[in-house]
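Descriptive analysis of the structure
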Amino acid sequence: MEYTAPIIQELQNLCALQAQQIAELSAKVSWYEEQFRLSQKQRFGRLSEQSDHEQLRIFNEAEREAKPSEPEPILEEITCRRRKRQGKRDEQLKDLPVEKKEYRLPEEEQICPSCSGDLHEMSGQTRREIKIIPAEAFVVEHVSYVYACRRCERESISTPIITASAPKPPIPGSIASASAIAHIMTGKYVDGLPLYRQEKSLSRLGIELSRQTMANWMIKAAESWLEPLYDRMHELLLKRDILHSDDYRNIYIIETDLQIA
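Residues numbered from 1 in each chain as written. Predicted model: local features only at pLDDT ≥ 70, side-chain atom pairs only at ≥ 80, totals over all residues. Heavy atoms only, no water.

Okay, the overall build of the protein chain next. On a plain count of helices and strands, the protein chain comes out with eight helices and two strands. Shown N-terminal to C-terminal, the secondary structure of the protein chain runs as helices and strands in the order α-α-α-β-α-β-α-α-α-α. Scored against the burial criterion, the 261 residues of the protein chain give a buried share of 8%. Taking the contacts inside the protein chain whose residues are at least 6 apart along the sequence as the reference set, 32% of them involve residues at least 24 apart. (Helix = DSSP H or I, 4+ residues; strand = E, 2+ residues; numbered from the N terminus. Buried < 20%, exposed > 50% of the residue type's maximum accessible area, 1.4 Å probe, protein only. Contact = heavy atoms within 4.5 Å.)

Here it is as structure tokens:
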């Protein structure tokens with residue numbers, strides 16, 4: 001059976017392709033065998049590692065650079081005194097307010113026990129301590145006085161009534177103050193104190209405040225105080241070309257807002 005030239009060329013191309021595939025598969029098999037051998041060695045082989053002697057030469061910089069004939073440099077003797085640093089205790093207390101309490105002998109005791117002469121003040125000994133005042137809670141009564149005109153009361157049909165202005169409450173109809181709400185928010189979101197722990201802590205101060213009430217305060221204060229601030233920040237962020245945040249969720253929200261805008 002005779003083969004034509006095109007068939008012979010096609011068979012030659014097929015053989016060349018198969019030879020290339022066989023070479024690639026052989027290389028892959030060799031690589032997998034090497035990986036398997038290394039895995040078995042790490043699993044069952046000796047734990048101690050033998051370093052190549054040639055690799056250790058990179059640490060011989062001292063031996064390579066040493067010149068025994070090089071003369072030693074002349075040493076210059078320098079004497080210095082180390083200045084004493086400020087004590088750690090003083091550094092810790094430098095930003096705290098100071099309340100000074102002075103103790104003096106009464107005038108009738110300022111008499112020398114040896115010769116009965118008068119004593120004079122020569123110096124003082126100072127001892128420092130930290131004083132911590134626990135949190136205090138008290139009630140603030142806002143009294144707005146109402147004023148009326150006595151002349152109008154006597155002579156006029158109607159009398160104008162004027163009430164002194166007072167600060168508006170953070171939450172209308174609530175006993176919450178700005179400082180109380182800030183204290184609860186700081187405890188929860190800064191110090192990591194859940195509301196049930198703050199409930200017990202406030203109870204020790206004589207304040208019976210339920211965690212449900214504190215939760216209501218935070219929600220209402222966030223809507224009236226923080227939501228305008230959030231809206232303003234959101235408006236400014238949308239004007240930026242690039243935004244960065246460490247929180248993935250915040251990035252997703254910002255990117256979503258940018259796409260909507």
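This part covers the nonpolar core. Among the nonpolar cores identified, the biggest contains twelve residues, and these are Ile171, Ala176, Ile181, Ile184, Met185, Leu195, Leu202, Leu209, Met214, Trp217, Met218 and Ala221. With four residues, helix 7 (residues 211-237) is the single largest residue contributor to this core. Beyond its immediate sequence surroundings of up to four residues, Leu209 is in contact with Ile184, Glu199, Leu202, Met214 and Trp217. (Core = buried A, V, L, I, M, F, W, Y, C linked by side-chain atoms within 4.5 Å.)

For the rest of this paragraph, the subject is the packing of aromatic side chains. All chains considered together, the criterion is met by one aromatic pair. Seen from their ring centres, Trp31 and Tyr32 are 5.0 Å apart, and the 75 degrees between their planes marks the pair as edge-to-face. Across from the ring centre of Tyr189, 5.6 Å away, lies the NZ or CZ of Lys188, which sits over that ring. (Phe/Tyr/Trp six-rings, centres within 6.5 Å; stacked < 30°, edge-to-face > 60°. Lys NZ or Arg CZ within 6 Å of the ring centre and 35° of its normal.)

Right, let's talk about the pattern of salt bridges for a bit. Going through the model one piece at a time under the given rule, you end up with six salt bridges. Close ionic contact of Arg104 with Glu121 constitutes a salt bridge, the shortest N to O distance being 3.0 Å. Of this pair, Arg104 sits in the loop between helix 3 (88-93) and strand 1 (146-148) while Glu121 sits in the loop between helix 3 and strand 1, placing them 17 residues apart in sequence. Residue Arg104 shares its accessibility class with Glu121, and that shared class is exposed. For Arg151, the salt bridge goes to Glu155, with nearest N and O atoms at 3.4 Å. Of this pair, Arg151 and Glu155 are both found in helix 4 (residues 150-155), four residues apart, which corresponds to roughly one turn of the helix. (Salt bridge = Lys/Arg side-chain N within 4 Å of Asp/Glu carboxyl O.)

Right, let's get into the state of the cysteines. Going through the model one piece at a time under the given rule, you end up with zero disulfides. In this structure Cys112 is not part of a disulfide, and its nearest cysteine sulfur, from Cys115, lies 3.8 Å away. Taking relative accessible area as the criterion, Cys115 reaches 59% and is therefore assigned exposed. (Disulfide = S-S within 2.5 Å.)

Helix 7 packs onto helix 6 (residues 195-204) with a crossing angle of 115 degrees between their chain directions and a minimal axis gap of 9 Å. One way to sum up the angle between helix 6 and helix 7 is to call them roughly perpendicular. Seen from above, helix 6 lies across helix 7 with right-handed handedness. On helix 7, the residues touching Leu195, Tyr196, Gln198, Glu199 and Leu202 of helix 6 are Arg211, Met214, Ala215 and Met218. Taken together, the residues of the contact of helix 6 with helix 7 break down into six nonpolar, one polar and two charged. (Axes fitted to C-alpha atoms, helices over the stretch in contact; angles between N-to-C directions. Parallel < 35°, antiparallel > 145°, perpendicular 65-115°, else oblique. Left-handed = near helix turned anticlockwise from the far one by under 90°. Nonpolar A, V, L, I, M, F, W, Y, C, P; charged D, E, K, R; others polar.)

The next thing to look at is a nonpolar patch on the surface. On the surface, a nonpolar cluster with roughly 330 Å² of combined accessible area is contributed by Ile7, Leu11, Leu14 and Leu17. Mapping Leu14 onto the fold places it in helix 1 (residues 5-44). (Patch = residues over 30% accessible without salt bridge, like charges linked within 9 Å, V, L, I, M, F, W, Y side chains within 5 Å. Areas by Shrake-Rupley, 256 points an atom, 1.4 Å probe, with all protein chains shown as cover.)

As a further point, take helix 6. Buried within helix 6 we find Leu195, Gln198 and Leu202. Down the axis of helix 6, the sector holding all buried residues measures 55 degrees, keeping them to one side. Residues of helix 6 that are exposed and angled more than 90 degrees away from the buried face: Lys200 and Arg204. Looking at the packing, one finds that the buried side of helix 6 touches helix 5 (178-189) and helix 7. A positive backbone phi angle near 90 degrees is found at Gly206, which sits one or two residues after helix 6. (Arc of directions from axis to C-beta.)

What follows concerns the environment of Tyr103. By the secondary structure assignment, Tyr103 is in the loop between helix 3 and strand 1. Between the C-alpha atoms of Tyr103 and Gly124, which are 21 residues apart in sequence, the distance is 9.4 Å.

Positive phi, normally seen in glycine, also occurs at Ser116, with a value near 65 degrees. By the secondary structure assignment, Ser116 is in the loop between helix 3 and strand 1.

Turning to the confidence of the model for the protein chain, a few remarks are in order. Confidence along the protein chain averages 79 in pLDDT terms, with 75% of residues attaining 70 or more. Mean pLDDT per element in the protein chain: helix 8 (residues 248-260) is the minimum at 46, and helix 6 is the maximum at 92. Scored below 50 in pLDDT, residues 248-261 makes nine contacts in the model with residues more than four places away or belonging to other chains. (pLDDT = per-residue confidence, 0-100.)

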